[in-house]
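Residues per chain, in single letters:
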Amino acid sequence: MTAHLLIESGGPQTGPACERFLGDAARLARDGHQVVLFLVENGVTAAVPGTAPGIETFLSDGGELWVDTFSAAQRALPAADLTPRARLVDMDDVAARLLEPRVRAVWH
């Protein structure tokens, strides 16, 4: 199986496209692929419980949720306000993942 780094920068407020992207991430994870969903910019709001139902599906299907520390801080979102399985990360973590062999990245 392949490894994927899916990057969401728009968040739920951009409309149904975000939820469709989360659905794609969940399907990849459910099919056995290693999937990291990285929320950045306004995308970090999807990690607030109740704002993007697709996040919980993605996590229950085996996906890993990363939230950009800087973007969350700029939007006054402390870790306590995010879904418990979200991992706050820095760009160094994202860069390291991008440089791994066989990682496919998609920015939405």
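Residues numbered from 1 in each chain as written. Predicted model: local features only at pLDDT ≥ 70, side-chain atom pairs only at ≥ 80, totals over all residues. Heavy atoms only, no water.

### Describing the nonpolar core
And step 1. The biggest cluster of nonpolar side chains holds 22 residues, and the ones touching the most others in it are Leu37, Leu39, Ile55, Phe58, Leu65 and Val67.
And step 2. Going through the elements one at a time, helix H1 (16-30), strand E2 (34-39), helix H2 (53-60) and strand E3 (64-68) are the ones with two or more residues in this core.
And step 3. Here the element with the most residues in this core is H1; it accounts for 6 residues.
And step 4. When sequence neighbours within four positions are dropped, the list of residues in contact with Leu37 reads Leu6, Glu8, Phe21, Leu22, Ile55, Phe58, Glu64, Leu65 and Trp66.
And step 5. By size, the runner-up hydrophobic cluster in this structure holds 10 residues, among which are Leu5, Ile7, Val40 and Val94. (Core = buried A, V, L, I, M, F, W, Y, C linked by side-chain atoms within 4.5 Å. Buried < 20%, exposed > 50% of the residue type's maximum accessible area, 1.4 Å probe, protein only. Helix = DSSP H or I, 4+ residues; strand = E, 2+ residues; numbered from the N terminus. Contact = heavy atoms within 4.5 Å.)

### Description of the packing of H1 against H2
For any two helices packed against each other, one specifies the inter-axial angle together with the distance between the axes.
And step 1. Across the interface, H1 lies against H2 with an axial gap of 8 Å and an inter-helix angle of 10°. Classified by the angle between their axes, H1 and H2 sit roughly parallel to one another. In contact with Glu19, Leu22, Ala25, Ala26 and Ala29 of H1, H2 contributes Pro53, Gly54, Ile55, Thr57 and Phe58.
And step 2. Its residues assigned to classes, the contact of H1 with H2 shows 7 nonpolar, 2 polar and 1 charged. (Axes fitted to C-alpha atoms, helices over the stretch in contact; angles between N-to-C directions. Parallel < 35°, antiparallel > 145°, perpendicular 65-115°, else oblique. Nonpolar A, V, L, I, M, F, W, Y, C, P; charged D, E, K, R; others polar.)

### Digging into the side chain of His33
And step 1. By the secondary structure assignment, His33 is in the loop between H1 and E2.
And step 2. A relative accessible area of 18% places His33 in the buried class.
And step 3. Of note is the side chain of His33, whose polar atom sits 3.0 Å from the side chain of Thr2.
And step 4. Look past the residues within four positions of His33 in its chain and what remains in contact with it is Met1, Thr2, His4 and Leu28. (Polar contact = N/O pair within 3.5 Å; in protein donor to acceptor, adjacent residues only side chain to side chain.)

### With respect to the pairing of E3
And step 1. For E3, a buried count of 4 out of 5 residues is recorded, marking the element as mostly surrounded by other parts of the structure.
And step 2. Where E2 lies against E3, 4 bridges are found, and the strand directions are parallel. Each residue of the ladder has a partner; that of Phe38, found in E3, is Trp66.
And step 3. In terms of handedness, the path from E2 via H2 over to E3 forms a crossover that is right-handed.
And step 4. For E3 and strand E4 (residues 86-89), the ladder comprises 4 bridges, and the chain directions are parallel. (Pairing = 2+ DSSP bridges. Right-handed = clockwise from strand over helix to strand, strands pointing away.)

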